[in-house]
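Results of the structural survey
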Amino acid sequence: MKSLALLSGFLFPALAAAQTLNGRNCRCLYGHACWPSAAAFDALAAQLSQPLLRPLPAASPCYGDGGASEACTVVRNNFTNATWRADVPGVMQSPNFEAYVLPNNTVSLCSLNPPAGQACEQGSVPPIGVDARTPEDIQRAIRFARQHNLRIVVHNTGHDFLGRSAGRGGFMIWTHRMKDITYHDAFVPQNGPRSSSREAITLGAGVQWGEAYAAAHARNRLIVGGVAKGGSVGAAGGWILGGGHSALTPSFGFGVDNVLEFKTATADAKYLTVNDYTNRSLFWALRGGGGGSLGVVISVTYRVHPDVPIIASFAIANFSSPQIAQTAITEFVSIQPKLTDNRWGGYGSLNNRGLQIFYIAPNVSMSVAQDFINPFFNFLTNVTEGDVVTAIIPFNSFSDWMDFIFAASLTSQVGSNAEISTRLLPRDGALTRPAEIAKALLSFPQGVGWNCVSGGVSSRVDPDSVAFHPSWRKALVEVAISESWGENASGDEIRAAQQRLIANTKILDTTTTDSATYYNEASLHEVDFRKSFWGRHYPRLKEIKRQVDPTDLFVVPRGVGSEDWDADLSCKSR
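These lines cover the structure that appears in this document, whether it is placed above or below. (Residues numbered from 1 in each chain as written. Predicted model: local features only at pLDDT ≥ 70, side-chain atom pairs only at ≥ 80, totals over all residues. Heavy atoms only, no water.)

Description of the sheet that holds strand E6 (residues 181–187)
Here is the rule we go by: Should DSSP find at least two bridges between two strands, the strands are regarded as paired. Comment: elements are numbered from the N terminus, with helices defined as DSSP H or I runs of at least four residues and strands as E runs of at least two. To get an axis, fit a line to the C-alpha atoms, keeping to the stretch in contact for a helix; angles then go from 0 to 180 degrees between the N-to-C directions. Residue contacts follow a heavy-atom distance rule, with two residues in contact if any of their heavy atoms lie within 4.5 Å.
Read across the open sheet, the five strands follow the order E6-E7-E11-E9-E10; overall the sheet is antiparallel. In the strand order of this sheet, the two ends are held by E6 and strand E10 (271–275), each with one partner. Taken pair by pair, the neighbouring strands of this sheet meet at an average axis angle of 20°, ignoring direction. With five bridges connecting them, E6 and strand E7 (residues 198–204) associate as antiparallel partners. In the strand pairing of E7, Tyr-183 is matched with Ile-201. This element, helix H6 (residues 135–148), spans strand E9 (259–265), E10 and strand E11 (296–303) of the sheet and lies at about 140° to E11. Its contacts with the sheet place helix H7 (residues 209–218) against E6, E7 and E11, and it is angled at close to 145° to E7.

Structure, rendered in structure tokens:
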């Protein structure tokens, strides 16, 4: 344990010097006198299937004498590669969540290109963790954390816009290597009737969407999942626990509408089966209640669908004036109800200079797709005076479409400092005030991201059937804005970017009626996160949290119950 002793003075200087609290209502963090001894960690290690992990920030191999090393070259070549970042324990996809802004506004970080003399500091990356490969590993980690009053950080791929997969001075449970995939011709949930049998696939907590899609595709089946370059997002972790949207949602529902069963470890270290017939309240809560707040998910079983062909539509339009932009985007907003009613979903971006979209419709003919989408493409051609490129392309499967769109993408989605904010665009707004919404969206100089990942089939599901925000059932699109900053930005520069995000969120809020947003792609700075993330479902979620985790062993930023803790989630505030 010599390496952990060294961390105290080098990588955690402020924490080691300043954090001495060990009250009954505070977590024991690294650098506290209560931190477990080397002997205690050795005893834990002896019970586990793998050695303990000592996570470090992504850029750490490039410090000291390592700048010219092979390890540093690997880091530099892969710093913006999401799959590589997911494979490194403790590393976040957005480096800002590896950093930590101290109360004095200095920043503890480990940047890839630091100024001369800057050390690599641990920031918010937990200093030690468990490389979980079995349910027993997770149960033993939970018992150890309970015994020593540690802050648990559950981490899989590091895709996380709220920093829930990081935690300064915490104890990490890394689920990324739990890669089991099991296909079921006739899956019956535990204690369910035979009539509940479904064709299904069970994914271990570490399975990523690229792996899940490949497994389903091999059986000529389709699974509703996330869309990201490299398929690096986890398929059985935060994505599904936050609700799980997809371009396939208008056709097959959200991720939470397709879950048949969870296996999970709770705060008392019990290994539970959770479904519509067993532990029903927890089943409701896990479907949208958010990752890291209710336990550690070990596996998820999803229903699968026939792997049908896909028709994809693409458009890139340039706007030569604000008036053209307003006309085009007003029309674009107004057609969203018709698109999602006909099960089109997809993604895009827009600003005063142009519009880029790529939408898909499963299992429709080329002629039907052309008849449906060409009127809008013709409209774009007319309004831009021909300054537009469009295409309608058939694909044999969803996987083929995914391969195509990301093969053509040269832009990385990870490896830089950013925070985002989102709002759900309601159907009524698109129908009754498209021009007003278009004007608001076009007011952002950097533009907005556009995720058409709702409506259609998903709108016909009872909004109270799962913990997911009920406003999703009347929404059509998730609209996103972001702010970024340089890798060596000061605390003042970071705070300024966050203030810009807060101000712009107020503008984005005018496109909604209830400030609803998506928990997995949201801001840390919501005025009322409980309302924005869960709406009327929050009181029930909080009660279920109290039942399954009465001591708040699992607490994450802006998660269920986090309002009872201080800003660092170190001590209870009430």
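Now that the structure has been shown, we can carry on.
As for helix H13 (residues 366–383)
Note the threshold: In a helix, the anticipated span is given by 1.5 Å times the number of residues less one. Bend, at a single residue, is the angle you get between axes fitted to the 7 residues ending at that residue and the 7 residues starting at it. Three labels apply to residues, based on accessible area from a 1.4 Å probe with only protein chains included: buried if under 20% of the type maximum, exposed if over 50%, partly exposed otherwise in between.
Between the first and last C-alpha of H13 there are 25 Å, a value that for 18 residues agrees with the 26 Å anticipated at 1.5 Å per step. Largest kink in H13: about 40°, centred on Ile-373, with the proline Pro-375 one to four residues after it. Where H13 is concerned, the buried positions are Ala-369, Phe-372, Ile-373, Phe-376, Phe-377, Leu-380 and Val-383. Here the buried face of H13 lies against strand E13 (310–318), helix H11 (322–334), helix H12 (336–341), strand E15 (354–362) and strand E16 (388–395). At the C-terminal side of H13, Glu-385 shows a positive phi close to 55°.

Here we look at the packing of aromatic side chains
Note the cut-off: Between the rings of Phe, Tyr and Trp (Trp by its six-membered ring), a pair exists once the centres lie within 6.5 Å; its type follows the angle of the planes, with under 30 degrees stacked, over 60 edge-to-face, and the other angles tilted. The rule is short: NZ of Lys or CZ of Arg within 6 Å of the ring centre and within 35 degrees of the ring normal puts a charge over the ring.
Applying the stated criterion across every chain yields a total of 30 aromatic pairs. Here the aromatic cluster, defined as three or more aromatic residues joined through ring pairs, consists of Trp-209, Tyr-213, Trp-239, Tyr-302, Tyr-347, Phe-358, Phe-398 and Trp-401. One Lys or Arg, Arg-164, reaches over the ring of Tyr-519 and ends 4.6 Å from the middle of that ring. Over the face of the ring belonging to Phe-283 we find Arg-287, whose NZ or CZ atom lies 3.8 Å from the ring centre.

A word on the sheet that holds strand E17 (residues 417–426)
As summarised here, the arrangement of the seven strands in space is E16-E13-E15-E14-E18-E19-E17, forming an open sheet in which the pairing is antiparallel. Taken across any chain shown, the strands that pair with only one partner, and hence form the sheet edges, are E16 and E17. Looking at each pair of strands side by side, their axes are set apart by 15° on average, direction ignored. Two strands pair when backbone bridges link them, and strand E18 (residues 448–452) and strand E19 (residues 475–485) are joined in this way by three bridges, in the antiparallel orientation.

A look at the state of the cysteines
Note the threshold: A pair of sulfur atoms, both from cysteines and within 2.5 Å, is called a disulfide here.
According to the stated counting rule, one finds four disulfides in the structure shown. The disulfide that involves Cys-28 links it to Cys-34, with 2.2 Å between the sulfurs. An S-S torsion of about 120° defines the bridge between Cys-28 and Cys-34 as right-handed. The exposure class of Cys-34 is partly exposed, given its relative accessible area of 21%. Two residues, Cys-62 and Cys-72, share a disulfide whose sulfurs are 2.1 Å apart. Note on the Cys-62 and Cys-72 pair: the S-S dihedral is about 105°, so by sign convention the disulfide is right-handed. With a gap of 10 residues between them, Cys-62 in the loop between helix H3 (38–45) and helix H4 (70–78) and Cys-72 in helix H4 connect regions that are remote in the sequence. Using a relative accessible area of 13% as the deciding quantity, one classes Cys-62 as buried. Within the protein chain, bonded cysteines paired by disulfides and numbered along the sequence follow the pattern 1-8, 2-3, 4-5, 6-7.

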